[in-house]
Amino acid sequence: MRIGKTDQPFSAICTSDAESIRVRGLDLCGQIIGRMDFTSYFWLLVTGNTPSDDQRFMADAVLAAIAEHGLVPSVVAARMTYAAAPEAMQGAVAAGLSGCGSVVLGSAEMAGRFLADLVEAAGATALEPVVTAKLNEYRAVKRAIPGFGHPQHSGGDPRAHRLLGLADERGISGAHVATLRAVKAALPTAFGRDLPINVNGAIPAVMLDAGFPLPALKGISLLARTASLIAHLREESERPIGFILSAEAAKAIRYDGE
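The text that follows walks through the structure, step by step, so that each part is easy to find.

Bringing the overall build of the chain into the picture now. When helices and strands are counted, the chain shows twelve helices and three strands. Principal-axis analysis of the C-alpha atoms places the extent of the chain at approximately 60 × 60 × 50 Å. Counting all 258 residues of the chain, 41% fall into the buried class. Restricting the contact set of the chain to residue pairs at least 6 apart, pairs at least 24 apart contribute 70%. Taken as a whole, the chain presents about 14400 Å² of accessible surface, with 56% of it coming from carbon and sulfur. Each charge sign in the chain was given a centre, from 24 positive and 26 negative side chains, and these centres are 4 Å apart.

What follows deals with the packing of helix 8 (residues 158–170) against helix 10 (residues 199–210). One way to put it is that helix 8 packs onto helix 10 with a least axis distance of 8 Å and a crossing angle of 20°. One element, helix 8, and the other, helix 10, form an angle in the roughly parallel class. In the packing of helix 8 onto helix 10, the handedness of the crossing is left-handed. Where helix 8 abuts helix 10, its residues Arg 159, Ala 160, Leu 163, Leu 164 and Ala 167 lie against Val 199, Ala 202, Ile 203 and Val 206.

So, about the sheet that holds strand 1 (residues 14–16). Judged by pairing direction, the sheet is antiparallel, and its three strands sit side by side in the order 1-2-3 without closing on themselves. Since the sheet does not close on itself, it has two edges, and those belong to strand 1 and strand 3 (26–27), each with one partner. Relative to strand 2 (residues 21–23), strand 1 runs antiparallel, the two sharing three bridges. Looking across to strand 2, one finds that Ser 16 is bridged to Ile 21.

With that settled, the discussion passes to the side chain of Ser 107. Relative to the helices and strands, Ser 107 is located in helix 6 (residues 107–122). Within polar-contact distance, the side chain of Ser 107 engages the side chain of Asn 200 at 3.0 Å. When residues no more than four places from it in sequence are discounted, the contact partners of Ser 107 are Gly 101, Ser 102 and Asn 200.

What follows concerns the pattern of salt bridges. For the coordinates displayed, the defined rule picks out 14 salt bridges. Note that Arg 170 and Asp 53 form a salt bridge whose closest N and O atoms lie 2.9 Å from each other. Taken together, the residues Arg 170 in helix 8 and Asp 53 in helix 3 (residues 53–67) connect sequence positions 117 residues apart. Two residues, Arg 170 and Asp 54, come together in a salt bridge whose shortest N-O distance is 2.9 Å. With Arg 170 in helix 8 and Asp 54 in helix 3, the pair connects residues that are 116 residues apart, well separated along the chain. Residue Arg 170 is classed as partly exposed on the basis of its relative accessible area of 26%. Taking the relative accessible area as the measure of exposure, Asp 54 reaches 28% and is therefore partly exposed. Here the residues in one salt-bridge network are Asp 53, Asp 54, Arg 56 and Arg 170, joined through shared partners.

What follows deals with the packing of aromatic side chains. The geometry of an aromatic ring pair is captured by the separation of the ring centres together with the interplanar angle, meaning the angle of the planes. One pass over the full model with this rule turns up three aromatic pairs. With centroids separated by 6.0 Å and ring planes inclined at 35°, the aromatic side chains of Phe 42 and Phe 212 adopt a geometry described as tilted. Of the two residues, Phe 42 is situated in helix 2 (residues 38–47) and Phe 212 in the loop between helix 10 and helix 11 (217–238); the sequence distance between them amounts to 170 residues. You can call Phe 42 buried: its relative accessible area is 12%. Both rings, one in Trp 43 and one in Phe 212, keep their centres 5.2 Å apart while their planes meet at 65°; by these two values the pair is edge-to-face. Pair noted here: Trp 43 is in helix 2 and Phe 212 is in the loop between helix 10 and helix 11, with a separation of 169 residues, a long-range link. Here Trp 43 and Phe 212 have matching classes, each one buried.

Moving on, we get to unusual backbone geometry. Despite not being glycine, Arg 24 has its phi angle at roughly 50°, a positive value. Overall, Arg 24 belongs to the partly exposed group, its relative accessible area being 22%. Phi is positive for Lys 142, which is not a glycine, with a value near 55°. Within the secondary structure layout, Lys 142 lies in the loop between helix 7 (127–140) and helix 8.

Cut-offs and rules
- Residues numbered from 1 in each chain as written.
- Predicted model: local features only at pLDDT ≥ 70, side-chain atom pairs only at ≥ 80, totals over all residues.
- Heavy atoms only, no water.
- Helix = DSSP H or I, 4+ residues; strand = E, 2+ residues; numbered from the N terminus.
- Buried < 20%, exposed > 50% of the residue type's maximum accessible area, 1.4 Å probe, protein only.
- Contact = heavy atoms within 4.5 Å.
- Areas by Shrake-Rupley, 256 points an atom, 1.4 Å probe, with all protein chains shown as cover.
- Lys, Arg positive; Asp, Glu negative; His and termini not counted.
- Charge placed at Lys NZ, Arg CZ, Asp CG, Glu CD.
- Axes fitted to C-alpha atoms, helices over the stretch in contact; angles between N-to-C directions.
- Parallel < 35°, antiparallel > 145°, perpendicular 65-115°, else oblique.
- Left-handed = near helix turned anticlockwise from the far one by under 90°.
- Pairing = 2+ DSSP bridges.
- Polar contact = N/O pair within 3.5 Å; in protein donor to acceptor, adjacent residues only side chain to side chain.
- Salt bridge = Lys/Arg side-chain N within 4 Å of Asp/Glu carboxyl O.
- Phe/Tyr/Trp six-rings, centres within 6.5 Å; stacked < 30°, edge-to-face > 60°.

Below, the structure is given as structure tokens:
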């Protein structure tokens, strides 16, 4: 039984022979190792192109911005998994990444699609009416606006401010950053209250304007958070808190069944 497309049996990422390994057309040992930083290599792997200096700069800034934010759900899941199975770091990392979805961490992808749809809908016309119409649609169905609001940084996510500021300084800010700011400006009227831009709103705005592909946006958060999880698991191996987290969860939740 055939499932899905089977007429394009090709990959353009990597090939090798007895003497060499080529990645995206470059010789791994002669042109990449020792010559290209990892952020640039990540961009090359995903897009097939070597990034410009501005693209590398913004990707590097974004990876640093999203990597670590304390004992967030992905970290808690990873540390508790490691406490139960310390022989399987890969399983603990996977546990942390598995929860990166529409609510936590993976919301940058949703915000990116939201912004990209608005940019496409506006085209060469005025942006504000398109934004207002979209916000009214979301309000009618009581749908949250992706990329806005934060439970802790109610006065504004400092990571978002920094990323947007850097994009402005480097001349990278374009249609997606402008759309993000137009949404923020329209929120008080459309929703009756202001909301801060969070880091998952800033990331897609600056990365899409830098030329990063929309379908790969979630990969930025996954790559960055992997580095953080490894750090937490290394600490967990020396100063374990996984079972403390588990015990505190048991204390916090009350049984209300029969």
